[in-house]
2 protein chains.
Amino acid sequence: MRNDVRELRLAAGLSQRELAEALDVSRQTVNSIETGRYDPSLPLAIAIARHFHRSVEEMFHAD
Amino acid sequence: MRNDVRELRLAAGLSQRELAEALDVSRQTVNSIETGRYDPSLPLAIAIARHFHRSVEEMFHAD
DNA sequence: TTTCCATGACAAGGCAGCTTGACAGTTGAG
DNA sequence: CTCAACTGTCAAGCTGCCTTGTCATGGAAA
């Protein structure tokens, strides 16, 4: 899965740490998702999409 | 997370086995998701939503 | 230079997601 | 009744997601 997290985070002027705090996860988790180490869990994916006012399908797409 | 998988599966006239085959997962995985034992992974959630022509957010909602 | 923030990455550990195989209970067809 | 399909659940095992802690690198500010 590819995702648009980094683009949207930067567009929002947030650091990985700030986004992590807003999502209540660790900085490493945000970094791992952005760098494609792994996909977020379903609830986290929904929280991320919600945070950026996007749908899950818009933010996460099959590679 | 609650989900509408069972309702939609039954409305489509499918058995757990048939849905599992359509999604390329095991019958136990479909059963576990329907009975709330655990949430699907993000890619599987997207595949399920897509199968039933719904959005992820429509099918999977915070409890 | 020194300090601070941001990022990338690794390790170890815990729990979640998924697998195959198996068993039991229920229901419906014959 | 017999048989098959459907469902629920368990066990064991593997891998993925997320944690805390740590380290290295780079850039900006003072």
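Residues numbered from 1 in each chain as written. Chains lettered and ligands numbered in written order. Predicted model: local features only at pLDDT ≥ 70, side-chain atom pairs only at ≥ 80, totals over all residues. Heavy atoms only, no water.

The next point concerns the protein's contact with DNA strand C. The environment of DNA strand C is made up of 19 residues, and the closest members are Q16 and N31 of chain A together with T29, Y38 and S41 of chain B. Among the secondary structure elements, those contributing two or more residues to the surface near DNA strand C are α1 (5–11) and α3 (27–34) of chain A together with α3 (27–34) of chain B. For the surface near DNA strand C, the per-class residue count stands at 4 nonpolar, 8 polar and 7 charged. (Near = heavy atom within 4 Å. Helix = DSSP H or I, 4+ residues; strand = E, 2+ residues; numbered from the N terminus. Nonpolar A, V, L, I, M, F, W, Y, C, P; charged D, E, K, R; others polar.)

Another point: the protein's contact with DNA strand D. Close to DNA strand D lie 19 residues, the nearest being T29, Y38 and S41 of chain A together with Q16 and N31 of chain B. Close to the protein, within 4 Å, the atoms of DNA strand D belong to sugar or phosphate groups at a rate of 59%. Within the side chain of R6 of chain B, one N or O atom sits 2.7 Å away from a phosphate oxygen of DNA strand D. Every element with two or more residues in the surface near DNA strand D is listed here: α3 of chain A together with α1 (5–11) and α3 of chain B. (Polar contact = N/O pair within 3.5 Å; in protein donor to acceptor, adjacent residues only side chain to side chain.)

Now for the packing of helix α2 (residues 16–23) of chain A against helix α4 (residues 42–51) of chain A. Residues and elements named next belong to chain A. Relative to each other, α2 and α4 sit at 110°, their axes nearing to 10 Å. Accordingly, the angle class assigned to the pair α2 and α4 is roughly perpendicular. You can see that α2 and α4 cross each other, and the crossing is right-handed. Along the contact surface, α2 presents L19, A22 and L23, while α4 presents L44, A47, I48 and H51. For the contact of α2 with α4, the residue count by class is 6 nonpolar, 1 polar and no charged. (Axes fitted to C-alpha atoms, helices over the stretch in contact; angles between N-to-C directions. Parallel < 35°, antiparallel > 145°, perpendicular 65-115°, else oblique. Left-handed = near helix turned anticlockwise from the far one by under 90°. Contact = heavy atoms within 4.5 Å.)

Here the focus is α2 of chain A. All names here are of chain A. Here α2 has its buried residues at Q16, L19, A20 and L23. All buried residues of α2 lie within an arc of 100° about the axis, which places them on one face of the element. Taken together, the buried residues of α2 touch α1, α3 and α4. Positioned one or two residues after α2, D24 has a phi angle of 65°, which is positive. (Buried < 20%, exposed > 50% of the residue type's maximum accessible area, 1.4 Å probe, protein only. Arc of directions from axis to C-beta.)

Worth remembering: the numbers are spatial, not functional.
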